[in-house]
Amino acid sequence: MSDSDIEKAVKEAKEFEAQDKKRKEAIDARNDADSFVFQTEKALEEVGASLDAADKSEVEADLNAVKAILESNPNAEEMTEDKVGELKAAQEKLTQSAQKVFAKMYEQSQAAQQAAGANPDMGASSQSAPEDDVVDADFKEV
């Protein structure tokens, strides 16, 4: 490549740098929101029945708002800055309301671990160890 070709390429790269950053931000925002929607839906399936009805409906409303934005903007590269901001705001609202769901999941997992830890295999400690052909011995090198 000649020097003029290199200078032209560098100039074009600088011109498109801002556009590339905006596209990357839109793609990242869409991917993050999509992932969080999936995680929240799974959490609701697990602990939704044990949540307060008001909390559950708030999370579902926020979840549906984020999903609506995602569905109305299937191509992240075509999202405007306003749409990206709207998506981020909706995801932040969902994050706030979904904390109760994830806290409930954590409580249930802690309770399950405590139940398993408090009730170890009770029969194993009262039985003697099975005999095997292993002999423990001290030895001396000569």
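Thresholds, definitions, all that
Residues numbered from 1 in each chain as written. Predicted model: local features only at pLDDT ≥ 70, side-chain atom pairs only at ≥ 80, totals over all residues. Heavy atoms only, no water. Helix = DSSP H or I, 4+ residues; strand = E, 2+ residues; numbered from the N terminus. Rg over C-alpha atoms; globule rule 2.2 N^0.38 Å. Buried < 20%, exposed > 50% of the residue type's maximum accessible area, 1.4 Å probe, protein only. Contact = heavy atoms within 4.5 Å. Areas by Shrake-Rupley, 256 points an atom, 1.4 Å probe, with all protein chains shown as cover. Lys, Arg positive; Asp, Glu negative; His and termini not counted. Charge placed at Lys NZ, Arg CZ, Asp CG, Glu CD. Patch = residues over 30% accessible without salt bridge, like charges linked within 9 Å, V, L, I, M, F, W, Y side chains within 5 Å. Salt bridge = Lys/Arg side-chain N within 4 Å of Asp/Glu carboxyl O. pLDDT = per-residue confidence, 0-100.

*Asks:* I'm lost on the overall build of the chain in this one. Help?
*Replies:* Tallying secondary structure elements over the chain gives 4 helices and 0 strands in all. Here the chain has a C-alpha radius of gyration of 29 Å; the compact-globule value for 142 residues is 14 Å, and the former is much larger. Referenced to the eigenvectors of the C-alpha coordinate spread, the extents of the chain come out at roughly 85 × 65 × 20 Å. With 142 residues in all, the chain has 20% of them scored as buried. Counted over contacts in the chain with a minimum sequence separation of 6, partners at least 24 positions apart contribute 80%. Entry remark: accessible area of the chain is about 10800 Å², with carbon and sulfur atoms responsible for 50%. Charge separation in the chain, taken as the distance between the mean sites of 17 positive and 34 negative side-chain charges, equals 9 Å.

*Asks:* Teacher, can you tell me more about a nonpolar patch on the surface here?
*Replies:* Among the surface-exposed residues, Met1, Ile6 and Val10 lie close enough to one another that they form a single nonpolar patch of about 320 Å² accessible area. Structurally, the position occupied by Met1 is in the segment before helix H1 (3-47).

*Asks:* Looking at this model, I keep getting lost on the pattern of salt bridges. Mind explaining?
*Replies:* Oppositely charged side chains may form a pair once their charged atoms are brought near each other. Taken as a whole and assessed by the stated rule, the structure comprises 13 salt bridges. Put simply, Lys100 and Glu58 hold a salt bridge, and the shortest N to O gap is 3.6 Å. Of this pair, Lys100 sits in helix H3 (residues 81-118) while Glu58 sits in helix H2 (residues 53-72), placing them 42 residues apart in sequence. Looking at Lys100, the relative accessible area reads 37%, which means it is partly exposed. One salt-bridge network, held together by shared partners, links Asp20, Arg23 and Glu77.

*Asks:* Help me understand a negative patch on the surface, please; the structure alone is not making it clear to me.
*Replies:* A cluster of like negative charges, contributed by Asp132, Asp133, Asp136 and Asp138, occupies part of the molecular surface. Of note, Asp133 is situated in the segment after helix H4 (122-126).

*Asks:* Just checking my understanding: could you explain the side chain of Arg30 for this structure?
*Replies:* Relative to the assigned elements, Arg30 resides in helix H1. Buried within the structure, Arg30 lacks any salt-bridge partner; its nearest side chain of opposite charge belongs to Asp34, at an N-O separation of 5.0 Å.

*Asks:* Looking at this structure, how should I read the confidence of the model for the chain?
*Replies:* Low pLDDT marks regions whose predicted coordinates should not be analysed in detail. Of all residues in the chain, 90% have pLDDT values of 70 or greater, and the mean over the chain is 84. H2 holds the highest mean pLDDT among the elements of the chain, 90, whereas H4 holds the lowest, 49.

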